[in-house]
Amino acid sequence: MESNDLYLVYHGLFLPKLAHSENSLNYFEKFVVQDDDVFIVSYPKSGTTWMQEIIPLLLNGGDLTPVQTIPNWDRVPWLEETRAAVVMDKLSSPRAIVSHMPYHLMPSTFFSSKAKVVYIARNPKDVVVSSFHFHRMASFLDDPGTFEEFINKFQTGQVLFGKWTDHMKSWKNPDLGDRILYITYEELVQDLRGGIKRILCFLGRKLSEDALDRVTEHCQFKNMKHNKMSNYSLVPQEIMDSNKSSFLRKGIAGDWKNHFSPELEAKFIATINEEMKGSGIRFSWDEEEK
C-alpha cells in the first residue's frame, strides 16, 4: 500500500480518508476520557461490529431500542473518525467508544483515567480473509490484488492500522491492570451467552435472565446481519458494494480453511509466531490448531 488519495498516514499507520482527517485526529488526541467510558478496541475485522451490538445493550440494561434505531457508527462511534466530533457529546454516560488505535497512540487522558477496555481479538488467518473481502467491496480502500499478494501486505503492515502482531502486543500491556478484558471472536462464536456474561461481570453490570436471553438472541450473528442499523446496508452502494461481498459475511470461525493452501498457511503462521515470540501471548486457536 502506498500513501495516495485514499489514505492518511498517521504515525506510520494508513487510515482511509473517507472517515479520517487531520481535524478528526486532532480531536482524537485532545479527547477527554471519562472514568466511566467503555472502550471497544480491536484490530480491524476482528469482531468490532459485533461488540458495537453487544456493549450498548449491557450498559443500558438490555433495552433493544438503540441498536434497532441508531446506526452503529453513531451509537458506538470510532473516536479517531470524523463522525466522533459530531455525535460524542450526544452520548449519555457511560459512553461506549470504539478505537482501532494501538495502545501507545491513545489520547493522553486515557492513561490517567479509569476507563475500561474490552479488547476483542480474532485468529489472524480469519482476520486477513475478512480484510481481503472488505477491500474487494469498499471503494475507499485500495485493490487487494490476489489473496497471496494481500497476505504479503498484511504481514508487512501495509494495510489499515499496521501489523496485526504490533497491535496485539501493544494492548497486552501490564499498565492496564484490571481495566482491560481480553475476549476472542472465537469465544463468542462458541458460546455467545457465556461471552456476554463475562463482559457483564467485567463491566460490573447485571441483567435479569430474561434480559440476558433477549440480548443473546438479538446478538446472534444471523440476527445482527439483518439489522439495518448494524449491517452497513445504509451505506451507499458506490462506497460499499454488497454485490462484491457482504460487509457482514459469515460470522464463523475457520473460514480461512477455504482460502489458504497448506503452504501459504505454514508460511503465514511461521511469520506470526516469529513476531509474537517472547510476548507471552497465547490464544485458544493456538491450541486448537496444533
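Predicted model, so just to flag it, every value in this text is computed and none were measured.

S.K.: Help me understand the nonpolar core in this model?
M.R.: The nonpolar side chains of soluble globular proteins are, as a tendency, buried together. If you look at the biggest cluster of nonpolar residues, it comprises 54 residues, and the most contacted ones within it are Phe39, Met101, Phe110, Val128, Trp171 and Phe260. Per-element tally for this core: the top contributor is helix H7 (residues 124–137), with six residues. Look past the residues within four positions of Val128 in its chain and what remains in contact with it is Phe147, Phe150, Ile151, Phe154, Phe260 and Phe268. Formed by 34 residues, the second largest nonpolar core is a distinct cluster that contains Trp78, Val98, Leu200 and Leu203.

S.K.: So what exactly am I meant to see when it comes to helix H9 (residues 164–171) here?
M.R.: Because each turn of an α-helix spans 3.6 residues, side chains separated by three or four positions in sequence point in the same direction. Most of H9 sits out of view: six of its eight residues are buried. All of the buried residues in H9 are Trp164, Thr165, His167, Met168, Ser170 and Trp171.

S.K.: Honestly, the pattern of salt bridges in this entry has me stumped. Any pointers?
M.R.: Any two side chains of opposite charge can pair, on the condition that their charged atoms come close. Summed over the entire model, instances satisfying the criterion amount to ten salt bridges. Among the salt bridges present, the one from Glu53 reaches Arg75, with a minimum N-O distance of 3.2 Å. Of the two residues, Glu53 sits in helix H2 (residues 48–59) while Arg75 sits in helix H4 (residues 72–75), which places them 22 residues apart along the sequence. Among the charged side chains, a network of salt bridges with common partners joins Arg193, Glu209 and Asp213.

S.K.: How should the packing of aromatic side chains be read in this particular structure?
M.R.: The full count for this structure, using the stated rule, is 18 aromatic pairs. Judged by centre distance (5.9 Å) and plane angle (85 degrees), the rings of Tyr43 and Phe154 are edge-to-face. Taken as a pair, Tyr43 in the loop between strand S3 (38–42) and H2 and Phe154 in helix H8 (residues 147–155) lie far apart in primary sequence, 111 residues in all. For Tyr43, a relative accessible area of 2% corresponds to the buried category. A relative accessible area of 2% means that Phe154 is categorised as buried. When the ring of Tyr119 is compared with that of Tyr182, the centres are 6.1 Å apart and the planes differ by 55 degrees; the resulting orientation is tilted. Residue Tyr119 is located in strand S5 (residues 116–121), and its partner Tyr182 is located in strand S6 (residues 180–184); the two are separated by 63 residues in the primary sequence. Tyr119 sits in the buried class, given a relative accessible area of 1%. Note on Tyr182: relative accessible area 25%, which makes it partly exposed.

S.K.: Quick question: what am I supposed to make of the pairing of S5 here?
M.R.: On a regular strand, one side chain projects to one face of the sheet and the next to the other, so that they alternate. For S5, the buried fraction is high: five of the six residues fall into the buried class. Pairing of S3 with S5 involves five bridges; the strand directions are parallel. Following the sheet pairing, Phe39 is matched in S5 by Val117. Here S5 runs beside S6; their pairing, made up of five bridges, is parallel. Residue pairing for S6: Val118 is matched across the bridge by Leu181.

S.K.: I tried to follow the pairing of S3 on my own but got confused; where do I start?
M.R.: Burial of S3 is extensive: five of the five residues sit out of reach of the surface. Bridge analysis of S3 against strand S4 (residues 96–99) gives four bridges, and the strand direction is parallel. Among the inter-strand pairings, Phe39 is bridged to a residue of S4, identified as Ile97.

S.K.: Got a minute to help me understand the packing of H9 against helix H14 (residues 262–276) in this structure?
M.R.: Each pair of packed helices can be described by the angle between their axes along with the distance between the axes. Direction vectors running N to C along H9 and H14 enclose 30 degrees, while the axes themselves pass 10 Å from each other. As for how H9 packs across H14, the hand of that crossing is right-handed. Here Trp164, Thr165, Met168 and Lys169 of H9 come into contact with H14, specifically with Ile272, Glu275 and Met276. Partitioning the contact of H9 with H14 into residue classes produces four nonpolar, one polar and two charged.

What counts and how
Residues numbered from 1 in each chain as written. Predicted model: local features only at pLDDT ≥ 70, side-chain atom pairs only at ≥ 80, totals over all residues. Heavy atoms only, no water. Core = buried A, V, L, I, M, F, W, Y, C linked by side-chain atoms within 4.5 Å. Buried < 20%, exposed > 50% of the residue type's maximum accessible area, 1.4 Å probe, protein only. Helix = DSSP H or I, 4+ residues; strand = E, 2+ residues; numbered from the N terminus. Contact = heavy atoms within 4.5 Å. Salt bridge = Lys/Arg side-chain N within 4 Å of Asp/Glu carboxyl O. Phe/Tyr/Trp six-rings, centres within 6.5 Å; stacked < 30°, edge-to-face > 60°. Pairing = 2+ DSSP bridges. Axes fitted to C-alpha atoms, helices over the stretch in contact; angles between N-to-C directions. Left-handed = near helix turned anticlockwise from the far one by under 90°. Nonpolar A, V, L, I, M, F, W, Y, C, P; charged D, E, K, R; others polar.

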